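# Notes for the structure review
The lines below spell out each chain.
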Amino acid sequence: MRLIGCLLAAACCAPLSGASPVLTDLQPHGAQRGKAIAIALSGSGLSEGATVRSNLPAAFTPLAPKEGRMGEGQINFLVELKPDAPIGLYPIRVETPEGLSNILLFSVGAFPEVSEEESLGGMYLNDSPDKAQAVPIPVTINGTLRGPDQDFYRFHARAGERLVFEVEARRAGSAIDPVVQILDGAGKELAFNDDAPGIGVDARVEAAFPEEGDYYVAVHDSKFSAQSQNFYRLKIGAYAYADGIFPMGWKRGGDVAVELFGGNLPAPVQVHPNLKGGDFTMVSLPGAEGAPKRAPSGAPEGALPGSLPFPFALSDRPEILEPAGSEVHSLDPGTIINGRIFKPGEVDRYKLAVAPGQPWFVELRDTTLGTSRLYGLLTVYDAKGKKLASAGDAGVEKEFTSLVSAADSAVDPYLAFKIPADVHEIAVTVEDLLGHGGPDYGYRLLAQKQPPDFTLTLATPFVNIPAQGTAVVAVTAERRGYMGPIDLRVPDLPDDLIVDGGHIPAELGAQNRLRSARQGQLTITPKPGVKARVLELAVVGEGKLEDGEVLRRHARGPAMLTAIRGVNQKPFTAPWLGLELPAMVAKENPAALEVVSPRYVRLVQGMESDVQWKFVRRQPGLPLPRRVNGDNVPGVGNLRVVRRDSKEGGESGAMTLVTTVGTPPMKFDMVLDAPVTIDGREERITAPAITFDIVQGYTIEPPAKTLTLEPGGKAELAGRLRWEPAFSAPVTIKADNLPLQVSCRPAEAPSKAAEFRLGCEAGPSAAPGEYEIELNSSSTLAGKGQEIVPYSIPPVTAKLIVSGKPSP
């Protein structure tokens, strides 16, 4: 779904100059559909005239600031939710003249809502059963957890009543990993859950109560960690929920019966979702998508849907369900097979016709959505059972042995490989790494004949482009066999914007440790007279294979990023929102960083280049930056950045990019930025990208014609030299890998010589034949302090023919 909808002006706090808006909190984080509530958006940069952008099905009315809140960075709205608003999560962001804010998620639920009293300002008001806050049933409680905090709530249950207790936290963008615990009146535990199936790290448990009375429910973070986004929504009620979905995706625009199963459903429920849209749609139990009239078919009697919908992947490929039976099934290239590991220890097997030398790509898709518990192990064998390759068989931490979620799995397992000689059929197997199985161990298997590939992910959820300034967009390339350079660009770029940079260099194992992922940066700069507006941008990357085929891939956007404190914790993202790169051309910053040296530098490997910058203040009294950063060059080929400005906080300065003779020829970018304190908050002022094109000092062009020698004869091998303007040292060229009885005298090419000639001769007993020889060269380079450094370039090949018969 696209982030569209209402744009609402808000009269609020005094304007802040030049600070882009940042949302840090939303209170409450959700509401019951059909109700009107007051919400408060907190953060910084929430200037007068701020507007809300959201696709929430509701009417927004700005409210006056609460007493005592003026100037504290809070704006307030009356939100009137439509009665048929589908249960789900909706993005909310703020727009000011200074730009767009980050996204926070707002949850629409089915039950009456209350707020935890402690989170409204009290300290430790409900941290034990004797202080538990009384709540009605059904209810959704909006609360927060502060580090070791535990929140207790008291509720009344009837004898024989069954209730569901579900915590929305990580799914809604909170950083906490919740645990839910049910206690009787004496404090004895009746039920407990940490990480429920189908909802990632969130918690859900259903409990039956033997007798009427008061009971307790407790919520805490599983690690008692302190998180900046520490909210949760605890749902209590008798409602239907599923904890699994199959299939997990289908072809866009098609039709498929999606099965929702498990949870408290006595039997699976089938729905036919609308499969139009972007990369994802959402699938709910019947009744959750509008005002409920009755319980869904197969649900507990009297129960209404209350849980959030499942994300459902959409593709443009043919899709089928896994064929029935345990035999080996044929795998149709380019078709996604939706399968399941139904039983513990089960291995699904597929066969595929191939040919020696063909490049193939096999992957398990969308296992990171949190809707499958599979730790997918993907293996390829030849027809004789010899293992050719495997993926997904890295060790799994004990803590996560029953969980797969988008927060814990970085990528889906995949294999990119070339078919060995004499192999004409391969077997592809899918299994769970831990040997587990069940109806919620689904997968989406794709095999296709294709060359090495790569994927792109935006590290930037959105971008604000200041007038008379520059914004930077970071993109991560994950290499799936393709190791060449990648060029990033913005398609359909408006005429009043300029993009610079976007060069991701190749992975060259001779100089560096190969990386499976590398980040590139491009910058966007408005032209003079640009109009402020909101844009929907996208980023694509292109790579070229050895045969000239161009790989073109779209970058997927994270939509939002929530940092998770803790060891090996990946940030929360929401790619299912379907956002690529929302952008805004905004008001100019109070400062600018300019590059006053050339922004395209062609540099001979082993040489240095100075980069000069100037900091321009447009606002009186603005402090100078403490430093200017430019060390974001790729870790390739011994690149170094040396700061040359001698004093802190200067208005101008320089830095030097240092290369070595081992730095490979490549294109990459340097992006200068300066941290500046604006209105008490640190902002980064960015300069347009500087592109460095590292090149050889000279190149050798071998002869256009093949050199032919007769036994006992002589001839000249003539070639051409092309010189970089900055390189002027003489070059010595010699021929190597010569056949027996053939020799060539080295050629000394003076500076800037256009050609070289090697005198060659064949002895009388030289064997006739066609040979490939190497032309090697050597020169020198004046290094730091003018010391002389040996310099050479890779050899080039040339053809040599010895004709006739050797003399007796």
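The model shown is predicted, which means the values in this text are computed figures rather than measured ones.

## Some remarks on the overall build of the protein chain
- Along the protein chain, the regular secondary structure elements total zero helices and 70 strands.
- Here the protein chain, with 808 residues, has 54% of them falling under the buried criterion.
- At a minimum sequence separation of 6, the contacts of the protein chain that also span at least 24 residues come to 72%.
- About 34,600 Å² of surface is accessible on the protein chain, with carbon and sulfur atoms providing 51% of the total.

## Things to note about the sheet that holds strand β57 (residues 666–670)
- In spatial order, the strands read β53-β60-β57; together these three strands make up an open sheet with mixed pairing. Of all strands in the sheet, those bounded by a partner on one side alone are β53 (600–604) and β57. Going across the sheet, the axis of each strand differs from the next one's by a mean of 25°, ignoring polarity.
- Sheet topology note: the β57/strand β60 (residues 690–695) ladder contains five bridges and is antiparallel. Its bridge partner lying in β60, Asp669 is registered against Thr691.

## A look at the nonpolar core
- Tyr698, Ile700, Phe727, Ile733, Phe756, Leu758 and Leu775 are the most contacted members of the largest nonpolar core, which totals 33 residues.
- Residue contacts for Leu758: discarding those within four places in its chain leaves Ala715, Glu716, Leu717, Ile733, Lys734, Ala735, Cys744, Arg745, Ala747 and Leu775.
- Val463, Ala477, Tyr482 and Leu497 belong to the second-largest nonpolar core, a separate cluster that totals 28 residues.

## Regarding the pairing of strand β16 (residues 178–183)
- Counting buried positions along β16 yields six of six residues, so the element is predominantly enclosed.
- Residues Pro178, Val180 and Ile182 line one face of β16 and the alternating positions Val179, Gln181 and Leu183 line the opposite face, and both faces are buried.
- Bridge count between β16 and strand β17 (residues 189–194): five bridges; the pairing is antiparallel. Directly across from Leu183, in β17, lies its bridge partner Glu189.
- Adjacent in sequence and paired antiparallel, β16 and β17 are bridged by five residues, among which Gly187 carries a positive phi angle near 90°.

## Regarding the sheet that holds strand β22 (residues 244–246)
- Across the sheet, three strands lie side by side as β22-β24-β25; this open sheet has antiparallel pairing. In the strand order of this sheet, the two ends are held by β22 and β25 (269–271), each with one partner. Strand-to-strand, the axes of this sheet are offset by a mean angle of 25°, without reference to chain direction.
- In this structure, β22 lies alongside strand β24 (residues 258–261), joined through three bridges in antiparallel fashion. If you follow Ile245 over to β24, its bridge partner there is Leu260.

## Structural notes on the packing of aromatic side chains
- One pass over the full model with this rule turns up 16 aromatic pairs.
- Look at Phe60 and Phe77: their rings are 6.1 Å apart centre to centre, the planes differ by 75°, and that puts the pair in the edge-to-face class. Here Phe77 lies in strand β7 (residues 74–81) and Phe60 lies in strand β6 (residues 58–63), a separation of 17 residues in the sequence.
- Classification of Phe60 by relative accessible area gives buried; the value is 8%.
- With a relative accessible area of 0%, Phe77 lands in the buried category.
- Ring plane angle 25° and centroid distance 5.7 Å describe the contact between Phe361 and Tyr414, whose orientation is recorded as stacked. Of this pair, Phe361 sits in strand β33 (residues 359–365) while Tyr414 sits in strand β36 (residues 414–418); the two residues are 53 residues apart in sequence, bridging distant segments of the chain. Take Phe361 and Tyr414: they sit in the same class, and that class is buried.
- Each residue in the set Phe155, Phe165, Phe209 and Tyr215 is aromatic and connected to the rest through ring pairs, giving one cluster.
- A cation over an aromatic ring shows up here: Arg340 above the ring of Phe246, its NZ or CZ 4.0 Å from the ring centre.
- Between the NZ or CZ atom of Arg480 and the centre of the ring of Tyr414, over which it lies, the distance is 4.3 Å.

## A word on the side chain of Thr523
- With respect to the helices, strands and loops of the structure, Thr523 is situated in strand β45 (residues 517–526).
- Here Thr523 falls in the buried class, since its relative accessible area comes to 0%.
- Here Ala689 takes part through its backbone nitrogen, which lies 3.0 Å from a polar atom of the side chain of Thr523.
- Ignoring sequence-local partners within four residues, the contact set of Thr523 consists of Thr470, Ala471, Val472, Ile498, Val499, Asp500, Val671, Ala687, Pro688 and Ala689.

## Some thoughts on unusual backbone geometry
- Note that the residue after Gln27, namely Pro28, is joined by a cis bond; omega there is -10°.
- Within the element layout of this structure, Pro28 appears in the loop between β2 (22–27) and β3 (30–32).
- Here Phe246 and Pro247 are connected by a cis peptide whose omega angle stands at -5°.
- Here Pro247 shows up in the loop between β22 and β23 (249–251).
- Here Phe224, not a glycine, exhibits a phi torsion of approximately 50°, which is positive.
- Here Phe224 shows up in the loop between β19 (213–221) and β20 (231–237).
- A residue is classified by how much of its surface remains accessible, and Phe224, at 36% relative accessible area, is partly exposed.
- The backbone of Asn568 shows a phi angle near 55°, a positive value even though the residue is not glycine.

## With respect to the side chain of Asp669
- Along the chain, Asp669 falls in strand β57.
- The buried charged residue Asp669 lacks any salt bridge, with Lys667 as its nearest oppositely charged partner at 8.5 Å.
- At 2.7 Å, the side chain of Asp669 forms a polar contact with the backbone nitrogen of His503.
- Reaching out from Asp669, the side chain makes a polar contact with the side chain of Thr691 at a distance of 2.8 Å.
- In this view, Asp669 contacts Gly501, Gly502, His503, Gln521, Asn632, Val633, Pro634, Ala689, Ile690 and Thr691; residues no more than four positions away in its chain are not counted.

## A look at the state of the cysteines
- All told, the structure shown has one disulfide when counted by the stated rule.
- A disulfide bridge connects Cys744 with Cys760, and the sulfur atoms are separated by 2.0 Å. Judged by the sign of its S-S torsion, about 110°, the bond between Cys744 and Cys760 is right-handed. With Cys744 in strand β65 (residues 742–744) and Cys760 in strand β67 (residues 755–762), this residue pair connects regions lying 16 residues apart in the sequence. Judged on exposure class, the residue Cys744 and its partner Cys760 are both buried.

## Some words on the pattern of salt bridges
- Tallied over the full model, the rule gives 39 salt bridges.
- A salt bridge links Arg479 to Glu507; the shortest N-O distance between them is 3.5 Å. You can see Arg479 sitting in strand β41 (residues 471–480) and its partner Glu507 sitting in the loop between β44 (503–504) and β45, a full 28 residues away along the chain.
- Accessibility expressed as a relative area gives 3% for Arg479, which makes it buried.
- Here Glu724 and Arg602 are joined by a salt bridge, their closest N and O atoms 2.9 Å apart. Note that Glu724 is positioned in the loop between β63 (714–723) and β64 (731–736) and Arg602 in strand β53, a separation of 122 residues in sequence.
- Assessed through its relative accessible area of 13%, Glu724 is described here as buried.

## A few points about the environment of Cys760
- Residue class for Cys760 comes out buried when judged on its relative accessible area of 3%.
- Put simply, Cys760 and Thr708 are 52 residues apart on the chain and 9.9 Å apart in space, counted from C-alpha to C-alpha.
- Setting aside residues up to four positions removed in sequence, Cys760 forms contacts with Leu707, Leu709, Gly713, Lys714, Ala715, Leu717, Ser743 and Cys744.

Rules used throughout
Residues numbered from 1 in each chain as written. Predicted model: local features only at pLDDT ≥ 70, side-chain atom pairs only at ≥ 80, totals over all residues. Heavy atoms only, no water. Helix = DSSP H or I, 4+ residues; strand = E, 2+ residues; numbered from the N terminus. Buried < 20%, exposed > 50% of the residue type's maximum accessible area, 1.4 Å probe, protein only. Contact = heavy atoms within 4.5 Å. Areas by Shrake-Rupley, 256 points an atom, 1.4 Å probe, with all protein chains shown as cover. Pairing = 2+ DSSP bridges. Axes fitted to C-alpha atoms, helices over the stretch in contact; angles between N-to-C directions. Core = buried A, V, L, I, M, F, W, Y, C linked by side-chain atoms within 4.5 Å. Phe/Tyr/Trp six-rings, centres within 6.5 Å; stacked < 30°, edge-to-face > 60°. Lys NZ or Arg CZ within 6 Å of the ring centre and 35° of its normal. Polar contact = N/O pair within 3.5 Å; in protein donor to acceptor, adjacent residues only side chain to side chain. Lys, Arg positive; Asp, Glu negative; His and termini not counted. Salt bridge = Lys/Arg side-chain N within 4 Å of Asp/Glu carboxyl O. Disulfide = S-S within 2.5 Å.

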